[in-house]
Amino acid sequence: MVVEPAVIPLRLAQYGGAAILFGSSLFCLYALPVGLPPRLPWLRPLLVWSAATLLIASLAGLVAQTIVLAGSVAEGLQPASLSAVVTTMGLGRAAVVRGAAAALALAVLLMSSMRRPALIVTALAGGAACGSFGWMGHGGATEGPGGGLHLTADILHALAAGVWVGALVAFLALLSWRRHQDAVRDAALQKALQGFAGVGSVLVATLVATGLINSWFLIGPTRLSGLWTTPYGQLLSLKLVVFLAMLGLAAANRFRLTPDLGLALSNADFSRGRWTPDLGAPLSPDGPTETAVRALRRSLLLETSLGFAVLALVAWFGMLAPVSAQ
């Protein structure tokens, strides 16, 4: 059916929109100085577009999946078919939750100022959207005594991935802030470098632990050969390779590029050791701070691209039967 391939990019749009809405909002709460978010010109457009993308993709994805399940476009567009998916299937209820969360976040972003209360609401809405992916994947279909564990692992995996990808996007936007605001940007970088370091370790531990649990259910210890002999296993193997590349970049960022930037910032001449915003005196584009910023920006751009590649692979093999079912 021609509609079925469209489900994959719609799933990717939902993953990306939810991750940015959740992770980027949360990043501004734990990793930036209090009072700074209203001064970030890129923040509202970023979150508005992510919420709008999530809302549209969630509704379109619900319709597309209903058409696939119904077997025809005419039958899938029937109100009775849509109602049946929403009321009797976890993926339908999860789509409604994502749509409602996106609509709430979009309303808050358009009607209020970009301060902490608004960011808290958008982070909660994004978290609800990310958590709902547990019911869209294989975890929501696992039955028996292990079903609760599998679903919980899926939810935690989606939340951790959302925090990571969303933080990468926000950090990249912060590093790319336009030149005449470098003084304010570097104050934010000082705080962000400290705020994200510990969070990153927790995220990696969560992703690895929940990934192992999911693999136990979807592959099993006796069917490891399926990682190379089935379409699901091959895509999952590719995802693991990309994830390891992300870990390598994250390690380089944390243990080499981030300390380099922190040292450059601490050595900068900010009013005899105390930083005071001076928007009229941007840093030299060839100075040590800008050199460190450019190096970290390049690395984060590559890491973010790999993060979305992982989301694309998940959107693809999430439509396939797992190794354990073949």
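Scroll up for the structure.
This write-up is about the structure you can find in this document. Since this is a predicted model, take the numbers as computed values, not measurements.

**Details of the packing of aromatic side chains**
- Scanning all chains against the criterion turns up 5 aromatic pairs.
- Seen from their ring centres, Tyr15 and Phe133 are 4.7 Å apart, and the 80° between their planes marks the pair as edge-to-face. Of the two residues, Tyr15 sits in helix α1 (residues 4-30) while Phe133 sits in the loop between α6 (116-132) and α7 (147-175), which places them 118 residues apart along the sequence. Considered together, Tyr15 and Phe133 belong to a single accessibility category, that of buried residues.
- Here Trp164 and Phe243 contribute two aromatic rings whose centre-to-centre distance is 6.0 Å and whose plane-to-plane angle is 75°, an arrangement assigned as edge-to-face. Of this pair, Trp164 sits in helix α7 while Phe243 is found in helix α10 (residues 231-267), placing the two residues 79 residues apart along the sequence. As far as burial versus exposure is concerned, Trp164 and Phe243 are alike and both buried.
- Members of the aromatic cluster, connected to one another through ring pairs, are Phe27, Tyr30 and Phe171.

**Focus on the nonpolar core**
- Leu174 and Leu261 are the most contacted members of the largest nonpolar core, which has 79 residues in total.
- Mapped by element, the contributors of at least two residues to this core are α1, α2 (43-70), α5 (90-111), α6, α7, α8 (182-218), α10 and α11 (288-317).
- Residues contacting Leu261, with those up to four places away along its chain left out, are Leu175, Leu189, Leu193, Thr289, Ala292, Val293 and Leu296.

**Remarks on the environment of Leu189**
- For Leu189, the position within the fold is in helix α8.
- Judged by its relative accessible area of 0%, Leu189 falls in the buried class.
- In this structure the C-alpha to C-alpha distance between Leu189 and Leu175, which are 14 residues apart in sequence, comes to 7.9 Å.
- Those residues in contact with Leu189 that lie beyond four places of it in its chain are Phe171, Leu174, Leu175, Leu261, Leu265 and Val293.

**Structural notes on the environment of Thr291**
- As for its placement among the helices and strands, Thr291 is situated in helix α11.
- The exposure class assigned to Thr291 is partly exposed, which follows from its relative accessible area of 40%.
- Considering only alpha carbons, one finds Thr291 and Leu261, 30 residues apart in sequence, at a separation of 8.5 Å.

**Section: the side chain of Asn253**
- Positionally, Asn253 belongs in helix α10.
- Residue Asn253 is classed as buried on the basis of its relative accessible area, which comes to 6%.
- Within polar-contact distance, the side chain of Asn253 engages the side chain of Ser299 at 2.4 Å.

**Focus: the side chain of Glu303**
- Topologically, Glu303 is positioned in helix α11.
- Buried within the structure, Glu303 lacks any salt-bridge partner; Arg256 is the closest side chain of opposite charge, at an N-O distance of 11 Å.

**Some thoughts on α5**
- Given a rise of 1.5 Å per residue, 22 residues ought to cover 32 Å, and the 32 Å separating the end C-alpha atoms of α5 matches this to within 8%.
- For α5, every residue scored as buried is listed here: Leu91, Gly92, Ala94, Ala95, Arg98, Gly99, Ala101, Ala102, Ala105, Leu106, Val108 and Leu109.
- Where α5 is buried, its residues touch α1, α2, α4 (79-88) and α6.

Procedures and definitions
Residues numbered from 1 in each chain as written. Predicted model: local features only at pLDDT ≥ 70, side-chain atom pairs only at ≥ 80, totals over all residues. Heavy atoms only, no water. Phe/Tyr/Trp six-rings, centres within 6.5 Å; stacked < 30°, edge-to-face > 60°. Helix = DSSP H or I, 4+ residues; strand = E, 2+ residues; numbered from the N terminus. Buried < 20%, exposed > 50% of the residue type's maximum accessible area, 1.4 Å probe, protein only. Core = buried A, V, L, I, M, F, W, Y, C linked by side-chain atoms within 4.5 Å. Contact = heavy atoms within 4.5 Å. Polar contact = N/O pair within 3.5 Å; in protein donor to acceptor, adjacent residues only side chain to side chain. Lys, Arg positive; Asp, Glu negative; His and termini not counted. Salt bridge = Lys/Arg side-chain N within 4 Å of Asp/Glu carboxyl O. Expected span 1.5 Å × (residues − 1).

None of this, on its own, says anything about what the molecule does.
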